[in-house]
Amino acid sequence: MVHQVEITLPAYSRGYHLIDSEIINQLSNLPEVGILHLFIKHTSAALSINENADPSVREDFESIMNHLVPENQPYYTHIYEGADDMPAHVKASLLGPDLTIPIRNGSLNLGTWQGIYLCEFRNRGGRRKIVATIYS
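The following paragraphs examine the structure supplied in this document.

Quick notes on the rules
- Throughout, a residue's number is its position along its own chain's written sequence, starting from 1.
- Owing to the predicted nature of the model, reporting of local features is limited to residues with pLDDT of at least 70; listing and counting of side-chain atom pairs is limited to 80 or more, with chain, interface and lining totals taken over all residues.
- The side-chain numbers reported here are obtained from all heavy atoms of the structure, hydrogens and water having been left aside.
- Note on aromatic pairs: the rings of Phe, Tyr and Trp (six-membered ring only in Trp) are paired at centre separations within 6.5 Å, and the planes decide the class, stacked below 30 degrees, edge-to-face beyond 60, tilted for the rest.
- To qualify as a helix, a DSSP run of H or I must reach at least 4 residues; to qualify as a strand, a run of E must reach at least 2; elements of each kind are numbered from the N terminus.
- Note on exposure labels: buried denotes an accessible area under 20% of the residue type's maximum, exposed denotes more than 50%, and partly exposed covers the range between, all computed with a 1.4 Å probe on protein chains only.
- In what follows, residue pairs with any heavy atoms lying within 4.5 Å of each other are defined as contacts.
- The nonpolar core is taken to be a set of buried Ala, Val, Leu, Ile, Met, Phe, Trp, Tyr and Cys residues, with the residues joined through side-chain atoms within 4.5 Å.
- Here the rule is simple: two strands pair whenever DSSP picks up at least two bridges between them.
- Helix axes are fitted to C-alpha atoms over the stretch in contact, other axes to C-alpha atoms as well, and angles between N-to-C directions run from 0 to 180 degrees.

**A closer look at the packing of aromatic side chains**
Inference 1: Counted by the stated rule, this structure contains five aromatic pairs.
Inference 2: Taken together, a centroid distance of 5.2 Å and an interplanar angle of 25 degrees make the contact between Tyr16 and Phe61 stacked. Of this pair, Tyr16 sits in strand S2 (residues 13–18) while Phe61 sits in helix H2 (residues 56–68), and the two are 45 residues apart along the sequence.
Inference 3: Ring centres 5.1 Å apart and planes at 80 degrees place the aromatic pair Tyr75 and Tyr76 in the edge-to-face group.
Inference 4: Its relative accessible area of 15% is what places Tyr76 among the buried residues.
Inference 5: Chaining the aromatic ring pairs together yields one cluster made of Tyr16, Phe61, Tyr117 and Phe121.

Put into structure tokens, the structure is as follows:
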């Protein structure tokens, strides 16, 4: 059986934001066993699973990604939407638009320190849409 829902997240500031509870609250009862697939419908934001305990991890992610893909580079040609736009596209491609999470005992089967991140790469990205597909 397959069930699908589109989740609209509120606008977040640039950075890495834990969204586990927002995702779970938008889903009906999860099956006893299955798979949750999440897909973000944007090219300047991404999804990731990483540590959910220490907030400094999120700050370090932001610093590392900004070091790897800096803004205002003279070789960028896609510059019409702001200095943060082209780097946001590259960062989104590096991390990717989707996640696959196992479901066990009616809950997401994440590790002890794992959380679902919205990786917002724009200064003002706006509301983000995520398609959640549950396979049971």
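That shown, we press on.
**A look at the side chain of Glu62**
Inference 1: Topologically, Glu62 is positioned in helix H2.
Inference 2: Beyond its immediate chain neighbours, meaning those up to four positions away, Glu62 contacts Arg14, Gly15 and Tyr16.

**Some words on the nonpolar core**
Inference 1: Of all hydrophobic cores here, the largest spans 21 residues; its most connected members are Ile19, Ile23, Leu27, Leu36, Leu38 and Ile130.
Inference 2: Residue assignment for this core shows that the elements contributing at least two residues are strand S1 (2–9), strand S3 (33–40), strand S4 (45–51), strand S5 (98–104), strand S7 (114–124) and strand S8 (128–135).
Inference 3: Excluding residues that lie within four positions of it along the chain, Leu27 makes contacts with Val5, Ile7, Leu36, Ala132 and Ile134.

**Considering unusual backbone geometry**
Inference 1: Here the phi dihedral of Asn72 falls at roughly 60 degrees; this positive angle occurs in a residue that is not glycine.
Inference 2: Within the secondary structure, Asn72 sits in the loop between H2 and helix H3 (85–95).
Inference 3: In this model, Asn105 sits at a positive phi of 55 degrees, which is unusual for a non-glycine residue.
Inference 4: Considering the arrangement of structural elements, one finds Asn105 in the loop between S5 and strand S6 (107–108).

**Things to note about the sheet that holds S2**
Inference 1: Reading across from one edge, S2-S7-S4 is the order of the three strands in this open sheet, with antiparallel pairing throughout. Since the sheet does not close on itself, it has two edges, and those belong to S2 and S4, each with one partner. Each strand of the sheet is rotated relative to its neighbour by a mean of 20 degrees, with strand direction disregarded.
Inference 2: With five bridges connecting them, S2 and S7 associate as antiparallel partners. From the neighbouring strand, Leu18 faces S7, where its bridge partner is Tyr117.
Inference 3: Its contacts with the sheet place H2 against S2, S4 and S7, and it is angled at close to 135 degrees to S2.

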